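# Notes for the structure review
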Amino acid sequence: MTKSARVFISALVALGCLSGCKARQIQAPQNQLAGDTSGQHSSPLDQVDPNTLRGYNSDVEDPPFRYQPEPDENVLYVKQKLFQMQIADIYYSFKKYEDRTIVVQGMYAELPIGDQEAVPTIYRRGKGCCGNDGWGGFLLKFPDDIKERPGKNDWIEIVGRPFLESQGYYYNLYLEVKEIKVLDERGAEFVHQ
């Protein structure tokens, strides 16, 4: 098997794991589950009140980015229109992005990833292997000087540098957080590009 085939298969496995189809089940109060309240067939992302969710990217505009870069800073703003595609490009073409500052908005959650119980994550919902059960985003690594964390489902803006961390036979995409802001105005929680 060629190296590119192994990388492609590893990436598919990683994306499949991140989609939530086989996610470890988490019990939550019944009023927090979207749809199925039996605890069966639920994903950690299902623990969001469906009444607070906002529509697909054609229905809602993102709030303006708050981050003001330095004049010589190489910044990529991950916008809602191509949210999933830009993050996939960062993952697959990492060398092009490893020295760039990434600015992204999305929802905050702490999700089980691999053998870790609660990994800070910025994400948006989207298409997955079983319909609209997928998500895309970044895992977050906070420096020691940022102690306070956003609340579950808060709309946040993250400024950080990307890095890949090995998880056995695949890599997880992280942002090393430089700045975080909780925003009052929310963007599209569901994206499809």
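Up top is the structure these notes are about.
Here's what I pulled together on the structure shown here. (Residues numbered from 1 in each chain as written. Predicted model: local features only at pLDDT ≥ 70, side-chain atom pairs only at ≥ 80, totals over all residues. Heavy atoms only, no water.)

## A short note on the overall build of the chain
- Across its full length, the chain holds 3 helices and 6 strands.
- Here the chain holds 193 residues, and 44% of them are scored as buried.
- Intrachain contacts of the chain at a sequence separation of at least 6 include 64% that bridge at least 24 residues.
- Accessible surface, the chain as shown: approximately 10700 Å² in total, 51% of it carbon and sulfur. (Helix = DSSP H or I, 4+ residues; strand = E, 2+ residues; numbered from the N terminus. Buried < 20%, exposed > 50% of the residue type's maximum accessible area, 1.4 Å probe, protein only. Contact = heavy atoms within 4.5 Å. Areas by Shrake-Rupley, 256 points an atom, 1.4 Å probe, with all protein chains shown as cover.)

## Comments concerning unusual backbone geometry
- In this structure, Asn153 takes a positive phi of about 75° despite not being glycine.
- As for its placement among the helices and strands, Asn153 is situated in the loop between strand 4 (131-141) and strand 5 (155-167).

## Section: the packing of aromatic side chains
- Following the criterion strictly, the structure yields 4 aromatic pairs and no others.
- Their ring planes at 80° and their centres at 6.0 Å tell us that Tyr123 and Trp135 sit as a pair that is edge-to-face. Within this pair, whereas Tyr123 is found in strand 3 (residues 116-128), its partner Trp135 is found in strand 4, the two being separated by 12 residues in sequence. Across the pair, exposure class does not vary: Tyr123 and Trp135 are buried alike.
- When the ring of Phe163 is compared with that of Tyr174, the centres are 5.1 Å apart and the planes differ by 15°; the resulting orientation is stacked. Placement of the pair is Phe163 in strand 5 and Tyr174 in strand 6 (residues 170-183), with a sequence separation of 11 residues.
- Here the basic side chain of Arg149 rests over the ring of Phe142, its NZ or CZ set 3.9 Å away from the ring centre. (Phe/Tyr/Trp six-rings, centres within 6.5 Å; stacked < 30°, edge-to-face > 60°. Lys NZ or Arg CZ within 6 Å of the ring centre and 35° of its normal.)

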